[in-house]
Amino acid sequence: MDFYILTLFPDMVEQALHTSILGRAAQNGCIAIHAVNIRDYTLDKHKKVDDYPYGGGAGMVMQAQPVYDAWKSVAETLGYRPRTVYLTPQGTVFHQAAAKQFAKEEALVLLCGHYEGVDERVLEEIVTDHVSIGDYVLTGGELPAMVLVDAVARMVPGVLTNAESGQAESLEGNLLEYPQYSRPEEWNGKKVPQILLSGDHAKVDAWRREQSILRTMQRRPDLFEKAELTQKEREQYQCRLP
Ligand code: 6GU
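Residues numbered from 1 in each chain as written. Predicted model: local features only at pLDDT ≥ 70, side-chain atom pairs only at ≥ 80, totals over all residues. Heavy atoms only, no water.

Topic: the site of the ligand
Item 1. Taken together, the residues surrounding the ligand are Leu87, Thr88, Pro89, Val131, Ser132, Ile133, Gly134, Tyr136, Leu138, Gly140 and Pro144.
Item 2. A distance of 3.1 Å separates a nitrogen atom of the ligand from a polar atom in the backbone of Ile133.
Item 3. Note that a nitrogen atom of the ligand is positioned 3.3 Å from one of the backbone N or O atoms of Leu138.
Item 4. Against a free-state accessible area of 290 Å², the protein chains account for coverage of 95% of the ligand.
Item 5. Those elements giving two or more residues to the shell around the ligand turn out to be β5 (83-93) and β7 (129-132). (Near = heavy atom within 4 Å. Polar contact = N/O pair within 3.5 Å; in protein donor to acceptor, adjacent residues only side chain to side chain. Areas by Shrake-Rupley, 256 points an atom, 1.4 Å probe, with all protein chains shown as cover. Helix = DSSP H or I, 4+ residues; strand = E, 2+ residues; numbered from the N terminus.)

Now the structure itself:
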């Protein structure tokens, strides 16, 4: 899968997304990260990419021309109008379900805004999806773009090893992961739960399932309402909600 990130800070994105698991995936050819520097496409003789907002107000607005020409070069490379995500706090809040949908695309273009925003006319022309990563304010779209690429890329076949994909279903069924322990058996006076040392896989699985459920109830009551539980589990746990 090809990710094209339109940004004023290509180094930031390039560096981060060629690290760790995504770096390996790029080496393997499972994904390719293309950081496109919007500034390379400005026709302004001083390489300017922003200007004052019509109607006044604080800050600067990213101009339509360099953004459009950067996008157009990607569209021409691909030979079609790609799905194009604008990262903005005004977008739909990103979820695992959206990550799964995006992962079906052959290519994805991500537009990172800066300053006070991007000229609305170019957004109307190229953007297919407006996406936010949560209800808080960031200085630019680069971190959100990296969050989205990470979440989408790990759904692409071949990106995760078998061992890594165990964690993949963490939010599957709207339940949180159970707690994990490794050596030593005792640390700081705290022992690993005895059942995990028992070698009884059925008991371990049952304990982990219970921990997932209890943890989701305590930490994410909003998720727990949507959790996929068996009828028996419903009867057992529903009444324990605060
Ligand atoms: Cl996608 N962009 C910016 N600038 N701030 C955000 C965001 C996006 N999502 C949450 N806050």
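Re the nonpolar core
Item 1. Membership of the largest hydrophobic core comes to 30 residues, with the highest contact counts inside it found for Phe3, Ile5, Ile31, Leu110, Leu148 and Val152.
Item 2. Contributing elements (two or more residues each) for this core: β1 (2-7), α1 (10-17), α2 (20-28), β5, α4 (96-102), β6 (107-112) and α6 (142-153).
Item 3. Ranked by residue count, the leading element in this core is α6, at seven residues.
Item 4. Setting aside anything within four residues of it in sequence, one finds Ile5 in contact with Val13, Leu17, Ile33, His34, Ala35, Val36, Leu110, Cys112, Ala145 and Val149.
Item 5. Counting residues in hydrophobic clusters, the runner-up holds 21 residues, among them Ile38, Leu111, Leu123 and Ile126. (Core = buried A, V, L, I, M, F, W, Y, C linked by side-chain atoms within 4.5 Å. Buried < 20%, exposed > 50% of the residue type's maximum accessible area, 1.4 Å probe, protein only. Contact = heavy atoms within 4.5 Å.)

Describing the confidence of the model for the protein
Item 1. When pLDDT is averaged along the protein, the result is 95; 96% of the residues meet or exceed 70.
Item 2. Looking across the protein, the model is least confident in helix α7 (residues 162-165), with a mean pLDDT of 88, and most confident in β1, with 99. (pLDDT = per-residue confidence, 0-100.)

Notes on the sheet that holds β5
Backbone-to-backbone hydrogen bonds pair the strands of a sheet. The strands run either parallel or antiparallel.
Item 1. Strand order in the open sheet formed by five strands is β2-β1-β6-β5-β7, and the pairing between neighbours is parallel. Each edge of the open sheet is held by one strand with a lone partner, namely β2 (32-37) and β7. Taken over all neighbouring pairs, the strand axes of this sheet differ in orientation by 30° on average, direction set aside.
Item 2. The pairing of β1 with β2 spans six bridges and is classified as parallel. (Pairing = 2+ DSSP bridges. Axes fitted to C-alpha atoms, helices over the stretch in contact; angles between N-to-C directions.)

Looking at the environment of Asn174
Item 1. By secondary structure assignment, the location of Asn174 is in the loop between α7 and β8 (186-187).
Item 2. A C-alpha to C-alpha distance of 9.6 Å links Asn174 and Arg220, two positions 46 residues apart in sequence.
Item 3. Engagement of the side chain of Asn174 in a polar contact is seen with the backbone oxygen of Lys226, the distance being 3.3 Å.

Things to note about the environment of Asp51
Item 1. Within the secondary structure, Asp51 sits in strand β3 (residues 50-51).
Item 2. For the pair Asp51 and Leu78, spaced 27 residues apart in the sequence, the C-alpha separation amounts to 30 Å.
Item 3. The contacts of Asp51, once residues within four sequence positions are left out, are Met60, Val61 and Gln63.
Item 4. Engagement of the side chain of Asp51 in a polar contact is seen with the side chain of Lys48, the distance being 3.5 Å.

Side note on unusual backbone geometry
Item 1. For the bond running from Arg183 to Pro184, omega is 5°, close enough to zero to count as cis.
Item 2. You will see that Lys47, though not glycine, has its phi angle at about 65°, which is positive.
Item 3. Mapped onto the elements, Lys47 comes out in the loop between β2 and β3.
Item 4. Look at Lys47 and you get partly exposed, because its relative accessible area is 46%.
Item 5. The backbone phi angle of Asn174 is positive, close to 55°, even though this residue is not glycine.
Item 6. Overall, Asn174 belongs to the partly exposed group, its relative accessible area being 22%.

As for helix α3 (residues 64-78)
Item 1. Compared with an ideal rise of 1.5 Å per residue, which puts 15 residues at 21 Å, α3 spans 21 Å between its outermost C-alpha atoms and is within 8% of the ideal.
Item 2. Within α3, the full set of buried residues consists of Pro66, Val67, Ala70, Trp71, Val74 and Ala75.
Item 3. Buried-residue contacts for α3 involve β1, β2, β4 (61-62), β5, β6 and α5 (120-126). (Expected span 1.5 Å × (residues − 1).)

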